[in-house]
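Examining the three-dimensional arrangement
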Amino acid sequence: MYIHIEHGRVTVIEPDNFRALSVKVHPGTDPTVIKEALLGAGAGTLASDYAQIDIEWLRNRVLTQLSGSADAHESFEAMVEYADKSGWVDPSGTLVRAHLDSSSPADSQ
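Residues numbered from 1 in each chain as written. Predicted model: local features only at pLDDT ≥ 70, side-chain atom pairs only at ≥ 80, totals over all residues. Heavy atoms only, no water.

Some thoughts on the sheet that holds strand β4 (residues 44-47)
Pairing between the strands of a sheet comes from backbone hydrogen bonds, and it takes one of two forms, parallel or antiparallel. The line we're drawing: Two strands pair if DSSP finds at least two bridges between them. Secondary structure elements are defined from DSSP: runs of H or I of at least 4 residues count as helices, runs of E of at least 2 residues count as strands, and each element is numbered from the N terminus. Every axis corresponds to a line fitted to the C-alpha atoms, with the helix fit spanning only the stretch in contact, and the corresponding angles, defined between N-to-C directions, vary from 0 to 180 degrees. Any two residues whose heavy atoms approach within 4.5 Å at even a single point are treated as in contact.
Strand order in the open sheet formed by 6 strands is β2-β1-β3-β6-β5-β4, and the pairing between neighbours is mixed. Two strands lie at the open edges of the sheet, namely β2 (9-13) and β4, each paired on one side alone. Between one strand and the next, the sheet's axes are offset by a mean angle of 30°, whatever the strand orientation. Sheet topology note: the strand β1 (residues 2-6)/β2 ladder contains 5 bridges and is antiparallel. Bridged to I3 within β2 is V12. Sheet contacts for helix α1 (residues 31-41): β1, β2, β4, β5 (50-54) and β6 (95-101); angle to β4, the most-contacted strand, approximately 155°.

Notes on the pairing of β2
Formally: Each residue is placed in one exposure class: buried if its accessible area under a 1.4 Å probe, protein chains only, is under 20% of its type's maximum, exposed if it is over 50%, and partly exposed if it falls in between.
With 4 of its 5 residues buried, β2 lies for the most part within the structure. Connecting the antiparallel pair β1 and β2 is a turn made up of 2 residues, with H7 showing a positive phi of about 55°.

As for the pattern of salt bridges
Under the convention used in this document: By salt bridge we mean one thing: a side-chain nitrogen of Lys or Arg within 4 Å of a carboxyl oxygen of Asp or Glu.
Inspection of every chain in the model, using the stated rule, returns 3 salt bridges. Among the salt bridges present, the one from R59 reaches E77, with a minimum N-O distance of 2.8 Å. A residue pair is termed long-range when its members are at least 10 positions apart, and R59 in helix α2 (residues 55-65) and E77 in helix α3 (residues 70-85) qualify at 18 residues. You can call R59 buried: its relative accessible area is 16%. Residue classification places E77 among the partly exposed residues on the basis of a relative accessible area of 27%. Of the charged contacts, one joins E81 and K85 as a salt bridge, the two residues approaching to 3.2 Å between their closest N and O atoms. With E81 and K85 both in helix α3 and 4 residues apart, the pair spans about one turn of that helix. The exposure class assigned to K85 is exposed, which follows from its relative accessible area of 68%. Three or more residues joined by partner-sharing salt bridges are found here, namely E56, R59 and E77.

A short note on the nonpolar core
Our working definition: Residues belong to one nonpolar core when they are buried, are Ala, Val, Leu, Ile, Met, Phe, Trp, Tyr or Cys, and are joined through side-chain atoms within 4.5 Å.
One finds I3, I53 and L58 to be the most contacted residues of the largest nonpolar core, which totals 29 residues. Elements with a contribution of two residues or more to this core: β1, β2, α1, β5, α2, α3 and β6. When residues no more than four places from it in sequence are discounted, the contact partners of I3 are V10, T11, V12, L21, S22, V23, K24, I53, W57 and L58.

Quick look at the structure:
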């Protein structure tokens, strides 16, 4: 899945892809714009060269888009567990690290 930021709007795309997590922005997007969009949506923040995504915010968006299915819930929790074991979840357990992807224009949704 990825988080798409465009024109200050933050959306989750491909919520059923539990094998990837990134934040897609257009090339050259000012980091301040990314941080303000994430903070404004309650989605997280920007930390140097990566995003810190609020796990509860992400869980709510993903499960809503996938109609709260049991499989989606299990897959989401497994993704967070994997991220935690990989050292990508902050010590408080509330934020997960996501790399920024600006290698090509983000898809307009």
